[in-house]
Amino acid sequence: MTYTAADDRYGPMPYNRTGRSGLKLPAVSLGLWHNFGDDKPIDTQRAILRRAFDRGVTHFDLANNYGPPYGSAEINFGRIFREDFTQYRDELVISTKAGYDMWPGPYGEWGSRKYLLSSLDQSLARMGLDYVDIFYSHRFDPDTPLEETMGALDHAVRSGKALYAGISSYSPERTKEAAEILRAMGTPLLIHQPSYSMLNRWIEGGLLDTLEEEGVGCIAFSPLAQGMLTDRYLDGIPRDSRAAQGKSLDPGLLTDETLRHIRTLNEIAKRRGQSLAQMALAWALRDRRMTSVLIGASSVAQLDDSLDAVNGLGFTQDELDAINKDAVEAGINLWATSSNG
């Protein structure tokens, strides 16, 4: 059936300005890290993307190696885009990244000009797009001069293959340096994409201050702590969960102490009339310097639950104080090596 977007799609979803740029992003964006590879039915993927756009999600976030297998999320997205969303291209912000391993050999990962620009060309071909809105350096490369990595982003923008440049999981110091290099080239750094959640609060230790100083936006990935900040693990590890399947969540991270914190946070969410996931997303957006949060979804029902977070974004100081007692580091920052570089 031919897809026609909902007439009321620009309803309750807030849109926040990205740093000092002119670009606004939805408070909640959809990431295709999981559930959009060849291991999931294409009709399920299509239903999620359609529902997301119908509810005001204008930003879809990908990376070259999302799958499985690598590249399949971009291929599947490209097919659905071609069949359903072509007429809405100018209403969409589509992003992709390069930095982690993608193909064999010395040119298939990290931050060299050769890898980044080759990867961007491949991503555009997989998705069938002339350009992406945001192209990211997915991680800091300690062995490549930052001038080279940022120069590749600058070239991507100047060539018309990307509209904006972004970075992911860079430390405050490297972020400042990257912003200065890009500014000197005439291509401002638009946005930083760090991991951030109630159980992974590293960006509060200087990164948010740096982003504010540099006029750079912030979009958090894993705001639900790889699924820990949901009701899925309150009573154990379900067989179909990420933890059970070894997908980005080590069951060993679900310690008794961490689960106690999660259960207490769940009780606070109940008192607010929210699911734990909704409260976790709202909490991650409580700082005015946050532009958006990235969610994943394996079903339309899960997507809807997460998007309903925008109906309860406000917190009292008493609620924040109570949350703060249990919003503690849980040793789940899998990307610390990059952000410590």
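Scroll up for the structure.
What you see is a predicted model, and the numbers here were worked out from it, not measured in a lab.

Structural notes on the overall build of the protein chain
Then comes step 1: A tally of helices and strands in the protein chain yields 12 helices and 10 strands.
Then comes step 2: For 341 residues, the compact-globule formula gives about 20 Å, and the C-alpha radius of gyration of the protein chain, at 19 Å, lands near that figure.
Then comes step 3: In terms of its C-alpha atoms, the protein chain occupies a principal-axis envelope of roughly 50 × 50 × 40 Å.
Then comes step 4: For the protein chain, with 341 residues in total, the buried portion stands at 58%.
Then comes step 5: Considering only residue pairs separated by 6 or more positions, the protein chain has 75% of its internal contacts joining residues 24 or more positions apart.
Then comes step 6: In the form shown here, the protein chain has an accessible surface area of approximately 14,100 Å², with 48% of it arising from carbon and sulfur atoms.
Then comes step 7: Here the protein chain carries 36 positive and 46 negative side-chain charges, and the mean point of each set is 2 Å from the other.

Structural notes on unusual backbone geometry
Then comes step 1: Residues Gly67 and Pro68 are joined by a peptide bond in cis, for which omega reads 10 degrees.
Then comes step 2: Tracing the backbone through its elements, the reader meets Pro68 in the loop between strand 4 (59-61) and helix 2 (72-85).
Then comes step 3: With a phi close to 60 degrees, Ser169 is a non-glycine residue in the positive phi region.
Then comes step 4: Tracing the sequence through the fold places Ser169 in the loop between strand 7 (162-168) and helix 5 (172-185).
Then comes step 5: In this structure Ser169 comes out as buried when scored by relative accessible area, which is 1%.
Then comes step 6: Not every positive phi belongs to a glycine, and Ser222 is a case in point at roughly 55 degrees.
Then comes step 7: Relative to the assigned elements, Ser222 resides in the loop between strand 9 (217-220) and helix 7 (242-245).
Then comes step 8: Accessibility expressed as a relative area gives 11% for Ser222, which makes it buried.

Here's the deal with the layout of surface pockets
Then comes step 1: In this model, the second largest pocket occupies a volume close to 200 Å³.
Then comes step 2: Arg17, Gly19, Val216, Arg288 and Arg289 are, among the 13 residues lining the second largest pocket, the residues nearest its centre.
Then comes step 3: Elements supplying a minimum of two residues to the lining of the second largest pocket: strand 1 (15-17) and helix 6 (207-214).
Then comes step 4: Split into classes, the residues belonging to the lining of the second largest pocket amount to three nonpolar, five polar and five charged.

Some remarks on the packing of aromatic side chains
Then comes step 1: Counted by the stated rule, this structure contains 13 aromatic pairs.
Then comes step 2: Relative to Trp335, the ring of Trp33 lies with its centre 6.2 Å away and its plane at 65 degrees, an arrangement referred to as edge-to-face. A residue pair is termed long-range when its members are at least 10 positions apart, and Trp33 in the loop between strand 3 (28-31) and helix 1 (42-54) and Trp335 in the loop between helix 11 (317-326) and helix 12 (336-339) qualify at 302 residues.
Then comes step 3: Take Trp33: its relative accessible area is 28%, and that puts it in the partly exposed class.

Details of the pattern of salt bridges
Then comes step 1: Applying the stated criterion across every chain yields a total of 26 salt bridges.
Then comes step 2: In this structure, Glu83 and Arg46 form a salt bridge, with 2.7 Å as the shortest nitrogen-oxygen distance. Highlighted residues: Glu83 in helix 2 and Arg46 in helix 1, separated in sequence by 37 residues.
Then comes step 3: By relative accessible area, which is 42% here, Glu83 ends up partly exposed.

Comments concerning helix 6
Then comes step 1: What helix 6 keeps buried is the set Leu207, Leu208, Thr210, Leu211 and Glu214. Take helix 6 and look down its axis: the buried residues cluster within an arc of 160 degrees, on one side only.
Then comes step 2: Those residues of helix 6 that are buried lie in contact with helix 5, strand 8 (189-193) and strand 9.
Then comes step 3: One or two steps after helix 6, the chain reaches Gly215, where phi turns positive at roughly 75 degrees.

Some remarks on the packing of helix 1 against helix 2
Then comes step 1: For the pair helix 1 and helix 2, interaxial distance at closest approach is 10 Å and the crossing angle is 55 degrees. Between helix 1 and helix 2, the angle is such that the two are oblique. Seen from above, helix 1 lies across helix 2 with right-handed handedness. For the pair formed by helix 1 and helix 2, the contact residues are Ile42, Gln45, Arg46, Leu49, Arg50 and Phe53 on the first element and Asn76, Phe77, Arg79, Ile80, Glu83, Asp84 and Phe85 on the second.

Remarks on the sheet that holds strand 8
Then comes step 1: The strand order 3-4-5-6-7-8-9-10 describes a closed barrel built from eight strands, whose pairing is parallel. Taking each pair of neighbouring strands and ignoring which way they run, the sheet shows an average axis angle of 30 degrees.
Then comes step 2: One ladder, built from five bridges, connects strand 6 (residues 132-137) with strand 7; its direction is parallel. Along strand 7, the bridge assignment pairs Val132 with Ala162.

Some remarks on the environment of Ile134
Then comes step 1: Examined against the element boundaries, Ile134 turns out to sit in strand 6.
Then comes step 2: Residues within four places of Ile134 in sequence aside, it is in contact with Val93, Ile94, Ser95, Thr96, Tyr164, Ala165, Gly166, Leu190 and Ile191.

Rules used in this analysis
Residues numbered from 1 in each chain as written. Predicted model: local features only at pLDDT ≥ 70, side-chain atom pairs only at ≥ 80, totals over all residues. Heavy atoms only, no water. Helix = DSSP H or I, 4+ residues; strand = E, 2+ residues; numbered from the N terminus. Rg over C-alpha atoms; globule rule 2.2 N^0.38 Å. Buried < 20%, exposed > 50% of the residue type's maximum accessible area, 1.4 Å probe, protein only. Contact = heavy atoms within 4.5 Å. Areas by Shrake-Rupley, 256 points an atom, 1.4 Å probe, with all protein chains shown as cover. Lys, Arg positive; Asp, Glu negative; His and termini not counted. Charge placed at Lys NZ, Arg CZ, Asp CG, Glu CD. 1 Å grid on protein atoms, 1.4 Å probe; cavity = no way out; pocket = protein on both sides within 12 Å on 5 of 7 lines; lining within 4 Å. Points joined across faces, edges and corners; volume = space filled by probe spheres on them. Nonpolar A, V, L, I, M, F, W, Y, C, P; charged D, E, K, R; others polar. Phe/Tyr/Trp six-rings, centres within 6.5 Å; stacked < 30°, edge-to-face > 60°. Salt bridge = Lys/Arg side-chain N within 4 Å of Asp/Glu carboxyl O. Arc of directions from axis to C-beta. Axes fitted to C-alpha atoms, helices over the stretch in contact; angles between N-to-C directions. Parallel < 35°, antiparallel > 145°, perpendicular 65-115°, else oblique. Left-handed = near helix turned anticlockwise from the far one by under 90°. Pairing = 2+ DSSP bridges.

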